Every structure is written in C-alpha cells, then in structure tokens.
Amino acid sequence: MTTRLGRVTCDLTISVDGYSAGLNQSEERPFGDDGGDGWGDQLHAWYADAEENRVELDRGTAAKAFIMGRNMFGPVRGEWDRQWNGWWGDNPPYHGPVFVLTHHPRDPQPMDGGTTFHFVTDGIESALKRAREAVGDGAISIHGGATTVNQYLAAGLIDELRLHIVPLTLGAGTRLFDGVAPLNLQQVESRAANSVTHLTYRVLR
C-alpha cells in the first residue's frame, strides 16, 4: 500500500494485550520488563529478521518528519542535565526532522545522516504544525511511544495506524488506546510473519 502525501501515520509494536512497553523502564531496559534480556528483546525481536520484514521496517522510517514523546527519545527526566542524543547512536535512522515532545526547552540537536531533533514544549498540535511546516505535504509519522500516540488519536490527528503485534502478553505497562474514545477503524492490510503480525488500519472520521 502506498502512503499518500500528507498522511499522518503511526508505526508501533505492541504485545497481544496492547502494551508498547512493560513496567520498570530504564536506560538499560528502555522497553521495561518484556521477558527478554533488555532493549525490548522480546517485543522487538522481529526487527532482527530484516529480510522477512523489510517492507515494514522500511515503511517505519519512510516518513519525511517524525514526532515522538520524550520517553521514547530517552531516559532523562526533568531538566536536561546531560547531553542525551537518543538511543540510536550518531546516525539515527530517521534522516529528517524529529520533533520531541517535552516540558523542558532545549536547542535543536543535529545528528549525522540528516536527522535533527527539535524539542517542542507547547504540545502535540504545535509539534504537528512544525512538522508540517518542515515537510509541506510530506508524510509525518507519530512514532511513539503509546502515550504520545494516544494523545494524537484522542485529538483525531492520525490517519493511519500500522501496528506490529507480537505474540506475547505483558500484563502491565504503557498501553495503546488508554484514554482514547472508541475509534472506527478500517483494516486495509494484514500480513503474518514468523514472529509478528503486521496490521494497517485507516482511522475513519
């Protein structure tokens, strides 16, 4: 399926019971307790099978701009008391502007490969406005985590949900759809892989 220009999408990996991260998130375990050894081993194990999941992996970074919550950007809380530049090393996979929602101002952080992190302190609509100004009619991805996605869903600002459902349950943590009114979704694509099921839904207005 081809992404239309201007579409606001979401790519999110979740457990069967709807969690994008377990309890006890930390710098060593950014996705919390998921039964693995750290770094979302269980929840994101499907990333390792790049050949089988190439289409979905490529789509995940194909947008022209990205929006993410501060928890997804990193473990630093409160004031920026150290120069944390994300989990992805010097050359993050985004290669475009990334708008990070935060309550604490910080200057933009350019990275190798064309990624620049911009820190937005005045809410989700402001972040989306800035992303749209940066890329015009290019696609924008609300990249996570679930708390950020839920805010955009509740505000009616997401056009398409791309969910990657992993066959495990977490039982607690950060859950997709919490606090979101009932949605009318149209399934437009599904594909089962060895360790994940990829589903795409259009959010009907």
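The structure under discussion appears in the preceding block.
One numbering rule holds for all chains: residues counted from 1, following each sequence as written. Whole-chain, interface and lining totals are the exception, using all residues; otherwise, since this is a predicted model, local features are given only for residues with pLDDT of at least 70 and side-chain atom pairs are given and counted only at 80 or more. In computing side-chain properties, one takes all heavy atoms of the structure into account and sets aside hydrogens as well as water.

Trainee: How should I be thinking about the pattern of salt bridges in this particular structure?
Mentor: Note on pairing: side chains with opposite charge can pair once their charged atoms come close. The working definition used for a salt bridge is a side-chain nitrogen of Lys or Arg within 4 Å of a carboxyl oxygen of Asp or Glu. Per the stated rule, a full pass over the model turns up 11 salt bridges. Measuring nitrogen to oxygen at the nearest pair gives 2.6 Å for the salt bridge that ties lysine 129 to glutamate 133. Here glutamate 133 and lysine 129 lie together in helix α3 (residues 124-135), a separation of four residues that amounts to about one turn. Taking relative accessible area as the criterion, lysine 129 reaches 53% and is therefore assigned exposed. For glutamate 133, a relative accessible area of 54% gives the class exposed. Helix and strand labels come from DSSP, where a helix needs a run of H or I of at least four residues and a strand needs a run of E of at least two; each type is numbered from the N terminus. Note on exposure labels: buried denotes an accessible area under 20% of the residue type's maximum, exposed denotes more than 50%, and partly exposed covers the range between, all computed with a 1.4 Å probe on protein chains only.

Trainee: Is there a simple way to explain the layout of surface pockets in this structure?
Mentor: Any space left empty among the atoms is revealed by the rolling of a water-sized probe across them. Method remark: on a 1 Å grid restricted to protein atoms, a set of points is classed as a cavity if a 1.4 Å probe fits but cannot get out and as a pocket if it is open with protein on both sides within 12 Å along at least five of seven lines; lining residues have an atom within 4 Å of a point. Grid points are joined across faces, edges and corners, and a volume is the space filled by probe spheres set on the points. Taken as a whole, the largest pocket encloses approximately 1100 Å³ of empty space. Residue lining of the largest pocket: 40 residues in total, with Phe31, Asn71, Met72, His143 and Gly145 positioned closest to the centre. Contributing elements (two or more residues each) for the lining of the largest pocket: β1 (8-15), β2 (19-21), α1 (54-60), α2 (70-73) and α4 (146-154). When residues of the lining of the largest pocket are assigned to their parent elements, the largest contribution, four residues, is made by α4. For this classification, Asp, Glu, Lys and Arg are treated as charged, while Ala, Val, Leu, Ile, Met, Phe, Trp, Tyr, Cys and Pro are nonpolar and the rest, including Gly, are polar. Across the lining of the largest pocket, the residue classes tally to 17 nonpolar, 20 polar and three charged.

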